[in-house]
Amino acid sequence: MKADLGDLSAFVAVARARGFRDAARATSSSASGLSDAVRRLETRLGVRLLNRTTRSVVPTEAGLSLLARLEPVLSEVESALDVVNGFRDTPTGTLRLNVPVSAARLVLPSIVPRFLAAYPEIRLEVIADESFVDVLAAGCDAGIRYEERLEQDMVAVPIGPRVQRMAAAASPDYLARHGRPVHPRELLEHTCMRARFASGAMIRWTFERGGETVTVDPAGPLLVQVGGAIDLTVDVALAGTGIVYLFEDWLRPHIERGQLEPVLEPWWPSFSGPFLYYPGRRLLPAPLRAFVDFIRSDAAQPAP
């Protein structure tokens, strides 16, 4: 029984994304087109592959069986086609990256302009997402995450600064009114801007000095979810409301302009920088291979 390759690819995209709209975004196609393709495939096979409701799309038992067989096959087809792309003078195609907001803000700005200039025929799509996702299921080629959130079966390539620090800061006006803490536990007596992950877990404020580690959960009038709203904590700190705890590189421009002052700087903890990660496989899509090579070459350059 013959089936159109495009219809099979559409089914895999929808089954991975668990929805037509998300699959359409991941594949740069239309939800209606994907729906038509899946319907054609089901008609041709005489089997329902997806259970559809107004809120979700879930593969049936037959759909799961077909998905398990199709994914490695389609991956090999994509790799085979990409071999041809390797014969081009310059790689072409779309590279989709799933990254945390911090990486989009602090890591990619120094990399993306030079990469796009070096590879003008590559189109880069960046999805900022704080939750740890299956990059393939999300329709992405690779992602950026920190070491503690990497899966063991992923290939990881260092990207961006190799050492970063968390920092605390407040406006000069706030510190003049409320005093400057000299020990992390004194933060419990201050107004602090807090953040939590999408899971609901609060980001605890950790400090280190001379082998001593102190973690505190200060209180404050503002709580945001990690992601696009994190800038609000900085804005509120700039307005003199309280103390903010964030990546040092995020706060450094405000500190250098005198808008914020470091708080407990000798206690600021350091941690290893982020990694570009992607599923291990023999052949990589040409845009991803170009990006990986660019990152590795960039890391090999001597620091200015």
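Shown above is the structure to which this text applies.
Cut-offs applied
Residues numbered from 1 in each chain as written. Predicted model: local features only at pLDDT ≥ 70, side-chain atom pairs only at ≥ 80, totals over all residues. Heavy atoms only, no water. Helix = DSSP H or I, 4+ residues; strand = E, 2+ residues; numbered from the N terminus. Buried < 20%, exposed > 50% of the residue type's maximum accessible area, 1.4 Å probe, protein only. Contact = heavy atoms within 4.5 Å. Areas by Shrake-Rupley, 256 points an atom, 1.4 Å probe, with all protein chains shown as cover. Salt bridge = Lys/Arg side-chain N within 4 Å of Asp/Glu carboxyl O. Polar contact = N/O pair within 3.5 Å; in protein donor to acceptor, adjacent residues only side chain to side chain.

Chemist: How do you make sense of the overall build of the protein chain when you look at a structure like this?
Modeler: Regarding its fold elements, the protein chain presents 10 helices and 15 strands. Taken over 304 residues, the protein chain has a buried fraction of 43%. Taking the contacts inside the protein chain whose residues are at least 6 apart along the sequence as the reference set, 72% of them involve residues at least 24 apart. A total of about 15,900 Å² of accessible surface is found on the protein chain, and carbon and sulfur atoms cover 53% of it.

Chemist: Quick question: what am I supposed to make of the pattern of salt bridges here?
Modeler: When their charged atoms lie close together, side chains carrying opposite charge are able to pair. All told, the structure shown has 16 salt bridges when counted by the stated rule. Arg44 serves as the salt-bridge partner of Asp7, at 3.6 Å between the closest nitrogen and oxygen. Taken together, the positions of Asp7 in helix α1 (residues 5-17) and Arg44 in helix α3 (residues 31-45) put the pair 37 residues apart, joining distant regions of the chain. Given a relative accessible area of 3%, Asp7 falls into the buried group. Residue Arg44 is classed as partly exposed on the basis of its relative accessible area, which comes to 34%.

Chemist: Whenever I open this one, the environment of Asp231 confuses me. Can you help?
Modeler: Residue position: Asp231 is located in helix α8 (residues 230-238). On the basis of relative accessible area, Asp231 is assigned to the partly exposed category, the value being 28%. Spatially, the C-alpha atom of Asp231 lies 9.2 Å from that of Trp250, the residues being 19 residues apart in sequence. With sequence-adjacent residues up to four places away left out, Asp231 is seen in contact with Arg105 and Trp250. Looking at Asp231, its side chain comes within polar contact range of the side chain of Arg105, at 2.9 Å.

Everything listed is a geometric property; what it means functionally is a separate question.
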